[in-house]
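# Tertiary structure, described
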Amino acid sequence: LLSEKQAENAWKMGASDRRHLLFTSAQIYADEQHIFLNQDGDNHFQFQVSPPTHEKLSVQVNSQIGQVDQTYSTSVPEVHPTLRLEQSAKASDAPAARMGSPVSWRKAVAIAPSDTDFEHAAKWRITIPASDWVGVNDLFLDVNYKGDVARLKSDSKLLTDDFYNGKSWQVGLRRFHQEIDKTGLDLQILPMRKDAPIFLEDRYRNPAGEGQIVDLKDLTIVPQYQLTIDFPQPH
């Protein structure tokens, strides 16, 4: 029997005639010949294979894979991505939320802000050097903010957005790699009014006495490392 931790980290892999379980805390996907492990912010990988394989495993990195008591470990080169952040506009007074039409089964609720509402947003310019993509599978932007709605744009194109819920916003940037290299990124945060008609825990709402709040507490970039393992085929 597997422990709870083993069960949560167990993955079936290999061809139908030679199944194995691979145990790892990393994110994983695989085909019949390869295993791909992803980790955010950690370049050291560790895994176990059961039942043990008698073939030698190899990894596609410039390092050796070690084995101690059926536990394999290796690492990929560590990288230190950077970003430049420059505020291009301060927030102004946000307009009151517009309400949608009521329906028979609920009262009217607030609707999403329009493009013109974001003329009142605080704005920042984000630049990520092209060299930061070398040696990573993805880069995750972690946006720790307070406000109503946050947007990421490239030039005038909306890439993605987030409605504030008290948690930081994490965005995988690989899908926007080309746009970022060409025009960089623009972050917009629309202030949240004290009277915003939305459900939100009190501890995440505006402090008493403030008519609205918008705050970019922290902005960090986290590399996602990938390890590719060649799973040998039987002769």
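Just so it is clear, the model here is predicted, and its values are computed rather than measured. (Residues numbered from 1 in each chain as written. Predicted model: local features only at pLDDT ≥ 70, side-chain atom pairs only at ≥ 80, totals over all residues. Heavy atoms only, no water.)

## Remarks on the sheet that holds strand β9 (residues 84-89)
The pairing of strands in a sheet happens through backbone hydrogen bonds and is either parallel or antiparallel. Where we set the bar: Any two strands with at least two DSSP bridges between them are considered paired. By definition, any uninterrupted DSSP run of H or I lasting at least four residues is a helix, any uninterrupted run of E lasting at least two residues is a strand, and each is numbered from the N terminus. Axis geometry follows a simple rule: fit a line to the C-alpha atoms, using only the stretch in contact for helices, then measure angles between N-to-C directions, giving values from 0 to 180 degrees.
Reading across the sheet, the 5 strands line up as β9-β10-β15-β12-β13 and stay open at both edges, with antiparallel pairing between neighbours. Both edges of this open sheet fall to β9 and β13 (157-163), since each of them pairs with a single strand only. Across the sheet, the mean angle from the axis of one strand to that of its neighbour is 25 degrees, orientation sign disregarded.

## Thoughts on the pairing of β9
What counts here: Relative accessibility thresholds used throughout: buried, under 20% of the residue-type maximum; exposed, over 50%; partly exposed, between the two (1.4 Å probe, protein chains only).
When you tally the buried positions in β9, you get 0 out of 6 residues, a small fraction of the element. Pairing between β9 and strand β10 (residues 122-127): 5 bridges, direction antiparallel. Its bridge partner lying in β10, Glu 86 is registered against Arg 125.

## Here's the deal with the packing of aromatic side chains
Inclusion rule: Note on aromatic pairs: the rings of Phe, Tyr and Trp (six-membered ring only in Trp) are paired at centre separations within 6.5 Å, and the planes decide the class, stacked below 30 degrees, edge-to-face beyond 60, tilted for the rest. Should the NZ of a Lys or the CZ of an Arg lie within 6 Å of a ring centre and within 35 degrees of the ring normal, that charge is described as sitting over the ring.
For the structure on display, the rule yields 3 aromatic pairs. One residue, Arg 151, lies across the ring of Phe 118, its end atom 4.0 Å from the ring centre.

## Concerning the pattern of salt bridges
Our working rule: For this analysis, a salt bridge means a side-chain nitrogen from Lys or Arg found within 4 Å of a carboxyl oxygen belonging to Asp or Glu.
The tally for this structure, following the rule as stated, stands at 6 salt bridges. Its salt-bridge partner being Glu 179, residue Lys 157 comes within 3.2 Å of it at the nearest N-O pair. Taken together, the residues span a long stretch of sequence, with Lys 157 in strand β13 and Glu 179 in helix α2 (residues 177-183) at a distance of 22 residues. A relative accessible area of 46% places Lys 157 in the partly exposed class. The salt bridge partner of Arg 193 is Asp 195, with a shortest N-O separation of 3.0 Å. We classify Arg 193 as partly exposed; its relative accessible area is 24%.

## Quick look at the environment of Ser 114
What counts here: Pairs of N or O atoms are called polar contacts if they sit within 3.5 Å, as long as, within protein, a hydrogen donor faces a hydrogen acceptor (for residues adjacent in sequence, only side-chain-to-side-chain pairs).
Looking at the secondary structure, you find Ser 114 in the loop between β9 and β10. As a C-alpha pair, Ser 114 and Arg 98 span 16 residues in sequence and 9.5 Å in three-dimensional space. Here the side chain of Ser 114 touches Thr 116 through a polar contact of 2.8 Å, side chain to side chain.

Function-wise, these values are silent; they only describe arrangement.
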